[in-house]
Amino acid sequence: MHPIVKRILIYLHLNLIGLWKALQETLFDCHRNLPRDLPSQEGKTLVITGGNRGIGYEAVKILLSYGFHVILGVRKPSALIEKLDKLPKTKGSYEVFELDLTSFQSVKDFANNILAQNVKIHVLLNNAGVMFGPRRETEQGHELQMATNHLSHFLLTSMLLPKLKEAGKADNYARVVNVSSAAHLAASWMDWTDFQSK
(Lines give C-alpha, C1' and ligand atoms only; values in the text may rest on other atoms or scores of the structure.)
Protein backbone atom coordinates (compact mmCIF):
# COMPACT_ATOMS: atom_id res chain seq x y z
CA MET A 1 0.00 0.00 0.00
CA HIS A 2 1.30 3.46 -0.89
CA PRO A 3 2.58 5.30 2.24
CA ILE A 4 0.42 8.39 1.65
CA VAL A 5 -2.74 6.28 1.26
CA LYS A 6 -1.78 4.38 4.40
CA ARG A 7 -1.37 7.65 6.37
CA ILE A 8 -4.74 8.94 5.15
CA LEU A 9 -6.46 5.71 6.12
CA ILE A 10 -4.82 5.75 9.57
CA TYR A 11 -5.87 9.38 10.07
CA LEU A 12 -9.48 8.66 9.09
CA HIS A 13 -9.55 5.48 11.18
CA LEU A 14 -8.25 7.27 14.30
CA ASN A 15 -10.65 10.17 13.89
CA LEU A 16 -13.64 7.86 13.49
CA ILE A 17 -12.58 5.93 16.58
CA GLY A 18 -12.12 9.20 18.46
CA LEU A 19 -15.58 10.38 17.47
CA TRP A 20 -17.17 7.07 18.43
CA LYS A 21 -15.35 6.94 21.79
CA ALA A 22 -16.26 10.56 22.57
CA LEU A 23 -19.93 9.82 21.87
CA GLN A 24 -19.80 6.57 23.81
CA GLU A 25 -18.19 8.28 26.81
CA THR A 26 -20.52 11.27 26.91
CA LEU A 27 -23.78 9.57 26.00
CA PHE A 28 -23.65 5.94 27.03
CA ASP A 29 -20.87 5.22 29.52
CA CYS A 30 -20.61 8.57 31.23
CA HIS A 31 -18.79 8.24 34.52
CA ARG A 32 -20.75 8.90 37.63
CA ASN A 33 -19.46 11.21 40.31
CA LEU A 34 -16.98 9.69 42.71
CA PRO A 35 -18.46 8.86 46.08
CA ARG A 36 -17.74 11.59 48.62
CA ASP A 37 -17.23 9.16 51.49
CA LEU A 38 -13.98 7.60 50.29
CA PRO A 39 -11.60 7.04 53.20
CA SER A 40 -8.92 9.62 53.87
CA GLN A 41 -5.60 8.92 52.20
CA GLU A 42 -3.59 11.04 54.64
CA GLY A 43 -0.13 9.62 55.20
CA LYS A 44 -0.01 8.05 51.72
CA THR A 45 2.23 9.16 48.87
CA LEU A 46 1.18 9.24 45.23
CA VAL A 47 3.57 9.93 42.34
CA ILE A 48 2.11 11.21 39.06
CA THR A 49 3.69 12.06 35.73
CA GLY A 50 2.07 15.05 34.10
CA GLY A 51 -0.59 16.71 36.16
CA ASN A 52 -0.23 20.22 34.83
CA ARG A 53 -3.29 20.04 32.56
CA GLY A 54 -6.08 17.80 31.32
CA ILE A 55 -6.94 14.56 33.09
CA GLY A 56 -3.81 14.74 35.23
CA TYR A 57 -4.57 18.19 36.62
CA GLU A 58 -8.17 17.28 37.41
CA ALA A 59 -6.98 14.06 39.08
CA VAL A 60 -4.43 15.95 41.19
CA LYS A 61 -7.13 18.32 42.52
CA ILE A 62 -9.24 15.35 43.64
CA LEU A 63 -6.29 13.37 45.00
CA LEU A 64 -5.20 16.33 47.12
CA SER A 65 -8.71 16.60 48.55
CA TYR A 66 -8.43 12.99 49.78
CA GLY A 67 -5.24 13.81 51.66
CA PHE A 68 -2.55 12.26 49.49
CA HIS A 69 0.95 13.69 49.47
CA VAL A 70 1.30 14.08 45.69
CA ILE A 71 4.69 14.16 43.98
CA LEU A 72 4.37 15.49 40.45
CA GLY A 73 6.82 15.20 37.58
CA VAL A 74 6.32 17.83 34.88
CA ARG A 75 8.41 19.68 32.31
CA LYS A 76 7.79 23.15 33.81
CA PRO A 77 7.49 22.89 37.61
CA SER A 78 7.22 26.63 38.29
CA ALA A 79 4.11 27.01 36.09
CA LEU A 80 2.37 24.12 37.86
CA ILE A 81 3.32 25.33 41.34
CA GLU A 82 1.77 28.69 40.49
CA LYS A 83 -1.48 26.94 39.45
CA LEU A 84 -1.58 24.63 42.47
CA ASP A 85 -0.90 27.48 44.90
CA LYS A 86 -4.16 29.10 43.72
CA LEU A 87 -6.25 26.03 44.64
CA PRO A 88 -8.24 26.04 47.88
CA LYS A 89 -6.26 24.45 50.72
CA THR A 90 -6.97 20.75 51.29
CA LYS A 91 -5.76 17.93 53.52
CA GLY A 92 -3.22 16.93 50.88
CA SER A 93 0.20 18.32 50.08
CA TYR A 94 2.38 18.33 47.00
CA GLU A 95 5.88 18.60 45.62
CA VAL A 96 6.76 19.27 42.00
CA PHE A 97 9.93 18.11 40.27
CA GLU A 98 11.15 18.50 36.72
CA LEU A 99 10.54 15.50 34.49
CA ASP A 100 11.02 15.23 30.73
CA LEU A 101 9.87 11.81 29.57
CA THR A 102 11.76 12.19 26.30
CA SER A 103 15.01 11.85 28.27
CA PHE A 104 15.95 8.70 30.18
CA GLN A 105 18.41 10.80 32.21
CA SER A 106 15.58 13.11 33.30
CA VAL A 107 13.51 10.07 34.31
CA LYS A 108 16.42 8.74 36.36
CA ASP A 109 16.96 12.13 38.02
CA PHE A 110 13.25 12.36 38.89
CA ALA A 111 13.21 8.84 40.34
CA ASN A 112 16.40 9.49 42.30
CA ASN A 113 14.90 12.71 43.76
CA ILE A 114 11.99 10.65 45.06
CA LEU A 115 14.14 7.76 46.27
CA ALA A 116 16.40 10.20 48.14
CA GLN A 117 13.39 11.15 50.31
CA ASN A 118 13.09 7.54 51.44
CA VAL A 119 9.26 7.59 51.44
CA LYS A 120 6.96 4.69 50.70
CA ILE A 121 5.02 5.10 47.47
CA HIS A 122 1.43 3.90 47.64
CA VAL A 123 0.39 4.83 44.10
CA LEU A 124 2.34 5.49 40.90
CA LEU A 125 0.13 7.13 38.30
CA ASN A 126 1.80 7.07 34.87
CA ASN A 127 -0.35 9.76 33.30
CA ALA A 128 1.76 11.94 30.99
CA GLY A 129 1.72 11.22 27.29
CA VAL A 130 1.93 12.64 23.79
CA MET A 131 0.24 11.81 20.50
CA PHE A 132 -0.11 12.89 16.89
CA GLY A 133 3.08 14.92 16.78
CA PRO A 134 5.55 14.85 13.94
CA ARG A 135 7.96 11.93 14.01
CA ARG A 136 10.97 12.79 16.15
CA GLU A 137 13.57 10.83 18.06
CA THR A 138 14.79 11.18 21.62
CA GLU A 139 18.45 11.75 22.45
CA GLN A 140 18.71 7.96 22.91
CA GLY A 141 17.39 7.38 19.38
CA HIS A 142 13.89 6.14 20.26
CA GLU A 143 10.77 7.36 18.48
CA LEU A 144 9.48 10.15 20.74
CA GLN A 145 5.92 8.92 21.26
CA MET A 146 7.05 5.37 22.09
CA ALA A 147 9.68 6.68 24.51
CA THR A 148 7.34 9.16 26.23
CA ASN A 149 4.27 6.96 26.53
CA HIS A 150 5.92 3.61 27.20
CA LEU A 151 9.66 3.29 27.62
CA SER A 152 10.16 6.15 30.09
CA HIS A 153 7.19 5.05 32.21
CA PHE A 154 8.60 1.52 32.25
CA LEU A 155 11.95 2.87 33.45
CA LEU A 156 10.29 5.02 36.13
CA THR A 157 8.14 2.13 37.35
CA SER A 158 11.11 -0.21 37.58
CA MET A 159 13.11 2.35 39.58
CA LEU A 160 10.27 3.07 42.03
CA LEU A 161 9.10 -0.54 42.36
CA PRO A 162 11.00 -1.24 45.61
CA LYS A 163 9.22 1.70 47.32
CA LEU A 164 5.87 0.51 45.96
CA LYS A 165 6.52 -2.98 47.33
CA GLU A 166 7.51 -1.47 50.66
CA ALA A 167 4.21 0.46 50.87
CA GLY A 168 1.97 -2.43 49.83
CA LYS A 169 0.26 -4.63 52.39
CA ALA A 170 -1.66 -7.89 51.98
CA ASP A 171 -4.94 -6.08 52.61
CA ASN A 172 -4.01 -2.73 51.02
CA TYR A 173 -1.92 -3.06 47.88
CA ALA A 174 0.27 -0.38 46.37
CA ARG A 175 -0.79 0.38 42.83
CA VAL A 176 0.67 1.27 39.47
CA VAL A 177 -1.90 2.95 37.20
CA ASN A 178 -1.11 3.45 33.51
CA VAL A 179 -3.38 5.98 31.82
CA SER A 180 -4.15 5.20 28.20
CA SER A 181 -6.57 6.18 25.46
CA ALA A 182 -8.66 4.56 22.79
CA ALA A 183 -5.72 4.77 20.38
CA HIS A 184 -4.98 1.09 21.02
CA LEU A 185 -8.06 0.33 18.93
CA ALA A 186 -6.06 1.46 15.93
CA ALA A 187 -3.33 -1.11 16.55
CA SER A 188 -4.42 -2.94 13.44
CA TRP A 189 -2.44 -0.25 11.58
CA MET A 190 0.71 -0.84 13.63
CA ASP A 191 3.70 -1.97 11.65
CA TRP A 192 5.09 -4.58 14.05
CA THR A 193 8.37 -4.72 12.15
CA ASP A 194 9.03 -0.99 12.70
CA PHE A 195 8.56 0.16 16.31
CA GLN A 196 10.57 3.28 15.51
CA SER A 197 7.94 4.37 12.91
CA LYS A 198 10.57 4.96 10.27
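Our subject is the structure that appears above.
Here we summarise the structure given alongside this text. (Residues numbered from 1 in each chain as written. Predicted model: local features only at pLDDT ≥ 70, side-chain atom pairs only at ≥ 80, totals over all residues. Heavy atoms only, no water.)

**A look at unusual backbone geometry**
Positive phi, close to 55°, is recorded for Asn118, a residue that is not glycine. Inspection of the secondary structure assignment puts Asn118 in the loop between α4 (104-116) and β4 (123-126). (Helix = DSSP H or I, 4+ residues; strand = E, 2+ residues; numbered from the N terminus.)

**What to know about the nonpolar core**
One finds Val47, Phe110, Ile114, Leu156 and Leu160 to be the most contacted residues of the largest nonpolar core, which totals 17 residues. Not counting residues within four places of it along the chain, the set of residues in contact with Val47 comprises Ile71, Phe110, Ile114, Ile121, Val123, Leu124, Leu125 and Leu160. Residues Val60, Leu64, Leu72 and Val123 belong to the second largest nonpolar core, which totals 16 residues. (Core = buried A, V, L, I, M, F, W, Y, C linked by side-chain atoms within 4.5 Å. Buried < 20%, exposed > 50% of the residue type's maximum accessible area, 1.4 Å probe, protein only. Contact = heavy atoms within 4.5 Å.)

**Regarding the packing of α4 against helix α5 (residues 144-167)**
The N-to-C vectors of α4 and α5 enclose an angle of 20°; their axes lie 10 Å apart at closest approach. Judged by the inter-axis angle, α4 sits roughly parallel to α5. Relative to α5, the crossing made by α4 is right-handed. On α5, the residues that touch Phe104, Val107, Lys108, Phe110, Ala111, Asn112, Ile114 and Leu115 of α4 are Leu151, Ser152, Leu155, Leu156, Met159, Leu160 and Lys163. Grouping the constituent residues of the contact of α4 with α5 by class yields 11 nonpolar, 2 polar and 2 charged. (Axes fitted to C-alpha atoms, helices over the stretch in contact; angles between N-to-C directions. Parallel < 35°, antiparallel > 145°, perpendicular 65-115°, else oblique. Left-handed = near helix turned anticlockwise from the far one by under 90°. Nonpolar A, V, L, I, M, F, W, Y, C, P; charged D, E, K, R; others polar.)

**Here we look at the layout of surface pockets**
Taken as a whole, the second largest pocket encloses approximately 510 Å³ of empty space. Contributing to the lining of the second largest pocket are 23 residues, with Leu46, Leu63, Tyr66, Phe68 and Val123 lying nearest its centre. With 5 residues, helix α2 (residues 54-65) is the single largest residue contributor to the lining of the second largest pocket. Classifying every residue of the lining of the second largest pocket gives 16 nonpolar, 3 polar and 4 charged. (1 Å grid on protein atoms, 1.4 Å probe; cavity = no way out; pocket = protein on both sides within 12 Å on 5 of 7 lines; lining within 4 Å. Points joined across faces, edges and corners; volume = space filled by probe spheres on them.)

**Side note on the environment of Ala147**
Following the sequence through the fold, Ala147 ends up in helix α5. For Ala147 and Leu101, which are 46 residues apart along the polypeptide, the C-alpha to C-alpha distance reads 7.2 Å. If we ignore the near neighbours within four places in the chain, the residues touching Ala147 are Leu101, Thr138, His142 and Ser152.

**Let's talk about the packing of aromatic side chains**
Per the counting criterion, the structure on display carries 1 aromatic pair. Between the aromatic rings of Phe97 and Phe110, the centroid separation amounts to 6.4 Å while the plane-to-plane angle is 70°, which identifies the pairing as edge-to-face. Note that Phe97 is positioned in strand β3 (residues 93-98) and Phe110 in helix α4, a separation of 13 residues in sequence. Classification of Phe97 by relative accessible area gives buried; the value is 18%. It is Lys83 that lies over the ring of Tyr57; its NZ or CZ is 4.0 Å from the centre. (Phe/Tyr/Trp six-rings, centres within 6.5 Å; stacked < 30°, edge-to-face > 60°. Lys NZ or Arg CZ within 6 Å of the ring centre and 35° of its normal.)

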